[in-house]
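Residues per chain, in single letters:
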Amino acid sequence: MAAPQPKLTADEVNALMRRAFPDAPQDGLPKTVAVAPGRVTVVRAYSPGMLRPGQLISGPNLMGIADNAAYALVLAHVGDQLMAVTSSLLMNFLRGAKPGDIHAEAELLHLGRRNAVCDVRLWTESPDRICAQANVTYALPLS
């Protein structure tokens, strides 16, 4: 089965996210850097405020970026549907996330009329050293 084709480019997803979250600081939103059929890659710039004791990036920050990556993935493939909402997020923490920009690659596992199921993998060091993985489901607005 072929991967769904995106309806928006990375720049269009970024513009839509800025419109959806106008009060978010510009460095607070992850930036979508690539969109491909069934996939997006996003990057969130590192800031020291992300750290927990032990000098690792905190779990809530990783969960937020996983959710943002899944939202960007859904928007890229369904278009301007800002009312898509998270209905489930299951996070697996695999190793401590060392300080650095957080990269997330999200892949569509299922895109239906009512929901989208995404797999998200996060890392700070390299894609070979994944620090966390999430399964995120988005409920889609009825057309």
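Everything here concerns the structure above.
Note that the structure is a prediction, hence the values are computed from the model and not measured.

A. Highlighting the side chain of Ser58. Among the structural elements, Ser58 can be located in the loop between strand S4 (56-57) and helix H2 (59-78). Accessibility expressed as a relative area gives 13% for Ser58, which makes it buried. One polar contact links Ser58 to Asn61, side chain to side chain, over a distance of 2.8 Å. Those residues in contact with Ser58 that lie beyond four places of it in its chain are Met50 and Arg52.

B. Layout of the packing of aromatic side chains. Per the stated rule, a full pass over the model turns up two aromatic pairs. With a centroid separation of 6.1 Å and an interplanar angle of 75°, the aromatic rings of Phe21 and Tyr71 are classed as edge-to-face. Remark: Tyr71 occurs in helix H2 and Phe21 occurs in the loop between helix H1 (10-20) and strand S1 (31-36); sequence separation between them is 50 residues. Residue Phe21 is classed as partly exposed on the basis of its relative accessible area of 35%.

C. Molecular detail of the pattern of salt bridges. Inspection of the entire model under this criterion finds six salt bridges. We note a salt bridge from Lys98 to Glu125, for which the minimum N-O separation is 3.9 Å. Taken together, the positions of Lys98 in the loop between strand S5 (85-93) and strand S6 (102-111) and Glu125 in the loop between strand S7 (115-123) and strand S8 (132-139) put the pair 27 residues apart, joining distant regions of the chain. Look at Lys98 and you get partly exposed, because its relative accessible area is 43%. Exposure remark for Glu125: the relative accessible area of 36% places this residue in the partly exposed category. A salt bridge links Arg129 to Glu125, with the nearest nitrogen and oxygen atoms 3.4 Å apart. Connected via shared salt-bridge partners are Arg39, Glu105 and Glu107.

Calculation rules
- Residues numbered from 1 in each chain as written.
- Predicted model: local features only at pLDDT ≥ 70, side-chain atom pairs only at ≥ 80, totals over all residues.
- Heavy atoms only, no water.
- Helix = DSSP H or I, 4+ residues; strand = E, 2+ residues; numbered from the N terminus.
- Buried < 20%, exposed > 50% of the residue type's maximum accessible area, 1.4 Å probe, protein only.
- Polar contact = N/O pair within 3.5 Å; in protein donor to acceptor, adjacent residues only side chain to side chain.
- Contact = heavy atoms within 4.5 Å.
- Phe/Tyr/Trp six-rings, centres within 6.5 Å; stacked < 30°, edge-to-face > 60°.
- Salt bridge = Lys/Arg side-chain N within 4 Å of Asp/Glu carboxyl O.

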